[in-house]
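Survey of secondary and tertiary structure
Next come the chains, spelled out residue by residue.
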Amino acid sequence: MRKKALSTPHDRGYKRNLSNPKEFLHFLQKYIGDDWTKDLKVSQLKLCNKEFIGPDYEGREADLLYELTEPDGQKTYIYVLDELQSSVDYTMIFRILLYIVSALQRIFLSTDEKIRKRKDFRLPAIIPIVFYNGSRKWNAVTELKEYQLNSNIFGSHVLNLKYYLVDLSQIDETFILNSNTLLDNIMYCDKVWRKGNLSETVRTILKRSEALMPQEQQELKEWLQNILMTVCNGQEELVEEILKNTRKGEEDMEFQIGIIREFENERKKNRREGRREGRREGRREGRREGRIEGEKNVNTLFQRLKQDGRIDELMAAIDDIKLQKKLREEYKI
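Small disclaimer: the values here were computed from a predicted structure and weren't measured. (Residues numbered from 1 in each chain as written. Predicted model: local features only at pLDDT ≥ 70, side-chain atom pairs only at ≥ 80, totals over all residues. Heavy atoms only, no water.)

**Topic: the pattern of salt bridges**
A complete count under the given rule lists ten salt bridges for this structure. Close ionic contact of Arg-95 with Asp-89 constitutes a salt bridge, the shortest N to O distance being 2.7 Å. Asp-89 carries the same exposure label as Arg-95, and that label is buried. The salt bridge involving Glu-330 is made with Arg-310; its shortest N-O contact spans 2.8 Å. Taken together, the positions of Glu-330 in helix 14 (residues 321-331) and Arg-310 in the loop between helix 12 (250-307) and helix 13 (311-317) put the pair 20 residues apart, joining distant regions of the chain. Through salt bridges with shared partners, one network takes in Glu-83, Asp-89 and Arg-95. (Salt bridge = Lys/Arg side-chain N within 4 Å of Asp/Glu carboxyl O. Buried < 20%, exposed > 50% of the residue type's maximum accessible area, 1.4 Å probe, protein only. Helix = DSSP H or I, 4+ residues; strand = E, 2+ residues; numbered from the N terminus.)

Written out as structure tokens, the structure is:
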């Protein structure tokens, strides 16, 4: 079964962190924040085997699945799909539909036939959440009705569902920092360093980490370490030295943050030069591809005109670019 690749090693920290029911409850109450989350308790949440949901049509699995036990004993399921990548998945709502249908079918068929035929039998609610940490805004549809043509004509008579979206790029930094958990610090770090502010991120995170438990401090250090490895071109000994010395005092922190800043500036410079070269190469390649594509379209037009017996127009269009354009629009080429 094909697994979805994670974009960077530190992205695994999200899944590990959210697998902790306490952190997951914080995630629900702070970043989802609907009324149903307010009175939840950790004891109501149980991390489940995600095989319960099953893979989608591309063989990918839900990343996390929680069973929520309501006060009356009824079960609700919450599953999270981590989109830890730079690109937006425009098929997400369809993937979620298949997840939910597959899960409900399993529940229905595994329920005793006499029970499921009762008037009061109900399937459990399944709540989908998409957590996205890409730098670009998530602009895929979040409701199934938006994925269906002309659904507005039929109102509530078309099938619909909606997922919660937690888009890191759209969450304000001050909101993230208004509480101090491991998850908050990971999200803040992940959000800010992508904008080229790693040096100040390290300063903020290290000070906030003093209030965390030792195990959480270690996990946050590993997160920072992976990011620093990216920025410092994989120089492991240097990264270890930076993290060790930033804890010795303000002067040492300033010195080590200065080192980070130098690497960061060099990285920005290389990115700018790379973008300029990429644009030049892209324009050259674009012109080449444009010419090739244009020649293909014209040849297709001439073949269609010949097939339709429009020989006079074909001959006239050979030297008349405006006529070519008009005929291509007519043939939708």
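**Structural notes on the sheet that holds strand 4 (residues 126-132)**
The five strands lie next to each other as 1-2-3-4-5, forming an open sheet whose pairing is mixed. Taken across any chain shown, the strands that pair with only one partner, and hence form the sheet edges, are strand 1 (45-47) and strand 5 (164-167). Taken pair by pair, the neighbouring strands of this sheet meet at an average axis angle of 25 degrees, ignoring direction. Contacting strand 3 (75-83) and strand 4, helix 4 (residues 92-110) crosses the sheet at an angle of about 150 degrees to strand 3. (Pairing = 2+ DSSP bridges. Axes fitted to C-alpha atoms, helices over the stretch in contact; angles between N-to-C directions. Contact = heavy atoms within 4.5 Å.)

**Digging into the packing of aromatic side chains**
Applying the stated criterion to the full structure yields eleven aromatic pairs. Seen from their ring centres, Phe-24 and Tyr-66 are 4.0 Å apart, and the 5 degrees between their planes marks the pair as stacked. Taken together, the positions of Phe-24 in helix 2 (residues 21-32) and Tyr-66 in strand 2 (residues 64-69) put the pair 42 residues apart, joining distant regions of the chain. Look at Tyr-66 and you get buried, because its relative accessible area is 0%. (Phe/Tyr/Trp six-rings, centres within 6.5 Å; stacked < 30°, edge-to-face > 60°.)

**Details of the environment of Lys-41**
With respect to the helices and strands, Lys-41 occurs in the loop between helix 3 (35-38) and strand 1. On the basis of relative accessibility, which here comes to 51%, the residue Lys-41 falls in the exposed class.

**What to know about helix 4**
Look at helix 4: 27 Å from first C-alpha to last across 19 residues, which is about the 27 Å you get at 1.5 Å a residue. Taken together, the buried residues of helix 4 touch strand 3 and strand 4. (Expected span 1.5 Å × (residues − 1).)

**Notes on the nonpolar core**
The biggest cluster of nonpolar side chains holds 47 residues, and the ones touching the most others in it are Tyr-14, Phe-24, Phe-27, Ile-78 and Met-187. If we skip the residues at most four places from it in the chain, Ile-78 touches Phe-24, Leu-28, Trp-36, Leu-45, Leu-64, Leu-65, Tyr-66, Leu-68, Ile-127 and Ile-129. Of all hydrophobic cores here, the second largest spans 22 residues; its members include Leu-65, Leu-97, Ile-107 and Ile-126. (Core = buried A, V, L, I, M, F, W, Y, C linked by side-chain atoms within 4.5 Å.)

**Side note on the pairing of strand 2**
For strand 2, a buried count of five out of six residues is recorded, marking the element as mostly surrounded by other parts of the structure. Two strands pair when backbone bridges link them, and strand 1 and strand 2 are joined in this way by three bridges, in the antiparallel orientation. Bridge pairing in strand 2 links Leu-45 to Leu-68. Looking at chain direction, strand 2 and strand 3 are connected through six bridges and run antiparallel. For Leu-68, the partnering residue across the bridge sits in strand 3 and is Thr-76. Here strand 2 hands over to strand 3 after five residues, with Gly-73 in that stretch at a positive phi of 90 degrees.

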